[in-house]
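As a plain string of letters, each chain reads:
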Amino acid sequence: MTQFFKCSAQILAITALSFGLAACGKSEDKTAGQKLDSAISQTQQAAENVGSKIEDGAVKAGDATANALDKAGEKVSNAADAAGNKIEEGAAKAGAALDDAGITAQVKTDLIKAPEISALQINVDTKAGAVTLSGTVPTDAIKTQAGDIAKAAKGVTSVNNNLTVKAG
């Protein structure tokens, strides 16, 4: 970009000098020195104009760059916020899954500790703290006892006792 401005300034300076020298060929009462001084003065003025235009262009380019950087910064900030939110959501889901797995393990352990219950016949599933018991048990009393054991586990919000009673 700087090379472009330098070339533009040189072309303008040469053009102004050419016009100035061409003016020397007109029939006026000026001496050759006066004509050359006039051409140099015009060239200097043209160079100052080019410099001013280059300066204005540089200011505009700087402003445009600053605006672009501000917008890019906002986009990066928004992307970081979105990524942070997704990480938090993922962590919450992972935490909930770990909590559910812990609840399932606790209920299964407590069922194994009960000597009259065959824990291998009972499936325990947990979702968002809600425990679902399924499988078969030999009596209504054991079905009720399994439900009570599940309700007593830490973190359980509800129990769906879908155990089937089959004497066997």
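Rules of the game
Residues numbered from 1 in each chain as written. Predicted model: local features only at pLDDT ≥ 70, side-chain atom pairs only at ≥ 80, totals over all residues. Heavy atoms only, no water. Helix = DSSP H or I, 4+ residues; strand = E, 2+ residues; numbered from the N terminus. Expected span 1.5 Å × (residues − 1). Buried < 20%, exposed > 50% of the residue type's maximum accessible area, 1.4 Å probe, protein only. Arc of directions from axis to C-beta. Pairing = 2+ DSSP bridges. Axes fitted to C-alpha atoms, helices over the stretch in contact; angles between N-to-C directions. Core = buried A, V, L, I, M, F, W, Y, C linked by side-chain atoms within 4.5 Å. Contact = heavy atoms within 4.5 Å. Lys, Arg positive; Asp, Glu negative; His and termini not counted. Salt bridge = Lys/Arg side-chain N within 4 Å of Asp/Glu carboxyl O. Polar contact = N/O pair within 3.5 Å; in protein donor to acceptor, adjacent residues only side chain to side chain.

A. Examining helix α3 (residues 140-152) more closely. Its 13 residues give α3 an end-to-end C-alpha distance of 18 Å, which sits within 8% of 18 Å, the value for a rise of 1.5 Å per residue. Listed as buried for α3 are Ile142, Ala146, Gly147, Ile149 and Ala150. Along the axis of α3, the buried positions cluster into a sector of 160°, meaning they face one direction only. Exposed and oriented more than 90 degrees from the buried face of α3 are Asp140, Ala141, Lys151 and Ala152.

B. The sheet that holds strand β1 (residues 122-127), seen in detail. A sheet is described by the order of its strands in space; here three strands give the open sequence β1-β2-β3, paired in mixed fashion. Looking along the sheet, the strands with just one partner apiece sit at the ends: β1 and β3 (158-165). Across the sheet, the mean angle separating the axes of adjacent strands is 10° when strand polarity is ignored. Pairing geometry for β1 and strand β2 (residues 130-137), over six bridges, is antiparallel.

C. Structural context of the nonpolar core. Core analysis: the biggest nonpolar cluster contains 19 residues, and Val107, Leu111, Ile117, Ile122, Val131 and Leu133 have the highest contact counts within it. Where this core is concerned, the elements lending two or more residues are α2 (32-113), β1, β2, α3 and β3. No other element matches α3, which puts four residues into this core. Val131 has contacts with Ile103, Val107, Val124, Asp125, Thr126, Ala150, Val156, Ser158, Val159 and Asn160, leaving out every residue within four places of it along the chain.

D. Seen up close, the side chain of Asp100. Within the secondary structure, Asp100 is located in helix α2. Despite its burial, Asp100 pairs with no opposite charge; the closest candidate is Lys127, at 7.6 Å N-O. At a separation of 3.0 Å, a polar atom in the side chain of Asp100 contacts the main-chain amide nitrogen of Gly129.

E. The arrangement of unusual backbone geometry in detail. We note that Ala128 has phi near 55°; this positive angle belongs to a residue other than glycine. The topology assignment puts Ala128 in the loop between β1 and β2. Take Ala128: its relative accessible area is 61%, and that puts it in the exposed class.

F. Structural context of the pairing of β3. The sheet contact formed by β2 and β3 spans eight bridges and is parallel. Bridge pairing links Ser134 to Asn162 in β3.

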